[in-house]
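Architecture at a glance
In case you want the letters, here they are:
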Amino acid sequence: MTSSAISWFNPSTPLTTRRPSLFANSGYFSAMANPSCRKPNVKTISCSVHATPPPASLLFPKQKTHTFQPSIQTPTLSCGNAGGEEQGPSSPPHHQSWNLLQRAIAFALDAVEGVIISHEKKHPLPKTADPRVQIAGNYAPVPEQPVHHSLPVSGEIPCCIRGAYVRNGANPLHEPAGGHHLFDGDGMIHSVSFSGDGSASYACRFTETHRLVQERAMGRPIFPKVVGELHGRTGIARLLLFYARGLFGLLDHTRGIGVANAGLVYFNRRLLAMSEEDLPYHVRLTPSGDLETVGRYDFDGQLESNSSMIAHPKIDPSSKDLFSLSYNVINKPYLKYLRFSPEGRKLADVEIPLPVPTMIHDFAITERYVVIPDQQVVFSLGDLVRGGSPVVYDKTKMSRLGVLVKAAADASGIRWIDVPDCFCFHVWNAWEEPENDEIVVIGSCMTPPDSIFNESNEKLRSVLSEIRLNMRIGESTRRPIMAEADQMNLEAGMVNRNRLGRKTRFAYLALAEPWPKVSGFAKVDLSTGVVRKYVYGEKRFGGEPQFLPRTPETTEEDDGYILAFVHDEKEWKSELQIIDAMTLNLEATIELPSRVPYGLHGTFIRAEDLQMQA
Ligand SMILES: [Fe+2]
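Worth saying up front: this structure is predicted, and the values here are computed from it rather than measured. (Residues numbered from 1 in each chain as written. Predicted model: local features only at pLDDT ≥ 70, side-chain atom pairs only at ≥ 80, totals over all residues.)

**Concerning the overall build of the protein**
For the protein, the count of helices and strands is 6 helices and 35 strands. Counting only residues that meet the buried cut, the protein has 53% of its 614 residues in that class. (Helix = DSSP H or I, 4+ residues; strand = E, 2+ residues; numbered from the N terminus. Buried ≥ 20, exposed ≤ 12 C-beta atoms within 10 Å, placed from the backbone.)

**Some details on the sheet that holds strand 7 (residues 200–206)**
Overall, antiparallel pairing links the 5 strands, which are arranged 3-7-6-5-35 in an open sheet. The strands lining the two open edges of the sheet, one partner per strand, are strand 3 (145–148) and strand 35 (602–606). Taken pair by pair, the neighbouring strands of this sheet meet at an average axis angle of 15°, ignoring direction. (Pairing = 2+ DSSP bridges. Axes fitted to C-alpha atoms, helices over the stretch in contact; angles between N-to-C directions.)

**Structural notes on the pairing of strand 22 (residues 424–433)**
The element strand 22 is extensively covered by neighbouring structure, given that 9 of its 10 residues are classed as buried. Here strand 22 runs beside strand 23 (residues 438–447); their pairing, made up of 8 bridges, is antiparallel. Bridging from a neighbouring strand, tryptophan 431 pairs with valine 440 of strand 23. Between strand 22 and strand 23, which pair antiparallel in sequence order, lie 4 residues; one of them, aspartate 437, sits at a positive phi of approximately 60°.

**Brief notes about the sheet that holds strand 10 (residues 281–285)**
Strand order in the open sheet formed by 4 strands is 8-9-10-11, with antiparallel pairing between adjacent strands. One side of each edge strand has no neighbouring strand; the edge strands of this open sheet are strand 8 (263–267) and strand 11 (291–296). Going across the sheet, the axis of each strand differs from the next one's by a mean of 30°, ignoring polarity. In the sheet, strand 8 pairs with strand 9 (residues 270–274) via 5 bridges, with the strands oriented antiparallel.

**Focus: the environment of glutamate 475**
With respect to the element layout, glutamate 475 can be found in strand 25 (residues 475–480). With 12 C-beta atoms counted inside 10 Å, the residue glutamate 475 sits in the exposed group. The contacts of glutamate 475, once residues within four sequence positions are left out, are Ile417 and Asn470. (Contact = placed C-beta atoms within 7 Å.)

**Notes on unusual backbone geometry**
Here the amide bond leading from lysine 332 into proline 333 is cis, since omega sits at 0°, within 30 degrees of zero. The omega angle of the peptide bond from threonine 447 to proline 448 is -15°, so this bond is cis rather than trans. In this structure, proline 448 sits in the loop between strand 23 and strand 24 (461–470). Notably, aspartate 437 is not glycine yet its phi reads approximately 60°, a positive angle. Mapped onto the fold, aspartate 437 is located in the loop between strand 22 and strand 23. Even without a glycine there, the phi angle at tryptophan 572 is positive, about 60°. Inspection of the secondary structure puts tryptophan 572 in the loop between strand 32 (560–568) and strand 33 (573–580). A tally of 17 C-beta atoms within 10 Å means that tryptophan 572 is categorised as partly exposed.

**Quick notes on helix 3 (residues 210–218)**
Buried within helix 3 we find His210, Arg211, Leu212, Val213, Gln214 and Glu215. Looking one or two residues beyond helix 3, the residue adopting positive phi is glycine 219, at roughly 80°.

**A look at the nonpolar core**
By size, the foremost hydrophobic cluster in this structure holds 143 residues, and its most contacted members are Val371, Ala430, Val441 and Leu509. Residues within four places of valine 441 in sequence aside, it is in contact with Ala364, Val371, Leu401, Val427, Ala430, Ile467 and Leu469. Membership of the second largest hydrophobic core comes to 6 residues, among which are Ile222, Phe242, Leu251 and Ile257. (Core = buried A, V, L, I, M, F, W, Y, C linked by C-beta atoms within 7 Å.)

The following block contains the structure:
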């Protein structure tokens, strides 16, 4: 699930995409509720910003002192490519080591920042940037949790579930000083481990990004927030402030500015946490079920330190190759296609020609091709300079999908096919139908496209759709998969990833109703449009459903389980539910020791893979 102008901190770094404001219209705020199963250590903060409806205050947890020691240290403080070493957290610039000039400059820049914040507080924040909206209720952050073993279980955990379900999310360490969008939060991974004997354990940890480490040392946010702050002239002022602090050694932005809060993939013996404005971070699950950050991962020096990778890479279930994209909002090439062998060797680095920098959050693979969206949500520095959002909906641009052979060495063979007025933020699957000379793409088409980035009064719709690309005549068709009477917002989910890129019958998608909350999930028959719903119940909400095949060799497409974090807003308790994907019967409920905020994307790592971790 995003906006971005953050790479304007560093012109050589791609601008991250603007994540959709899944929570933009959330007026919900439960300041009176207990944000944890156990009473959390919270402080009440008065806010002077305004929203509609404007909550009165914001609950924010007091984070414990962090004691994590990275298992792999890379002591380099140099700029540029780290030469293949994983860049583990290291000593950040700290005010105690500043010289007199730095202290004076820091004082002056802090004063400038104070003026910016005062100016911002004179103007109402849009809901997309109001922290009282964005991190209210169960969107609010939680403190880290060490491993809790032998959790209470109702029902029976299927013995075939062995390994760990990990889910990423945004969890700001510090109280926002100004604008904040949910997706600006620091990455935190929630992990439930299954031993196979019916027991389960839970832990949650921040991903130790270079940004987080520096801000923890400073005791406050110092990196501008991509979605919540970089708007208009104050956004430009914050960028300049950030540059100035970097110039005088008051912070280090040379090793990435990302929050690693969106996606998770297990590839080449590594769990990678990703957000698209930065390189991935390598996180390791310990034998006890805890999480530890190894470091920023540049694929052994194969990606430049100032580059980035989107948060939705794809692993081909047959070849085990990993495919991804990397984009730049300032400099050409605006887009690159990346491919890695199962051993992590970069096989392709193809420049994709785009006329303008475009937000591309997701893409698809088939057996032979990659399918790359080039849609109508674009980045515009001009709009930012004129006081607006840097992410805009360009109605004059034609949406199109590019089809490129996976093994392509360059983009000369890419085939662009127009798909008018189509904006799919996520693409769930794609496959080839050679009998029709068509490629079928399954995605959720959002309207209006810019409402997820900029405040809008128009109700957002996310329509599960089938797009057919006729490769013979170079034209497309698009249709809703469900009848209009059955229409509901479906966002966040997946198909059986053992069949990614192949024709799939089922998709498991979050029921984003009432938007942006997730009241359950839908099992959709993509061929008939028939939908079966699993609803969490009154005042109970969740997020992305995780489909786990019963075994890697399972032949029936829906033979497996859905894993889903569910939060009860009446009881203020969180749990993990395990549901049989064939019958939609609840198999087991695992009571969690603390609240799990509504989050973003996850994955499951089987026990055999965990044992092989790098
Ligand atoms: Fe996403």
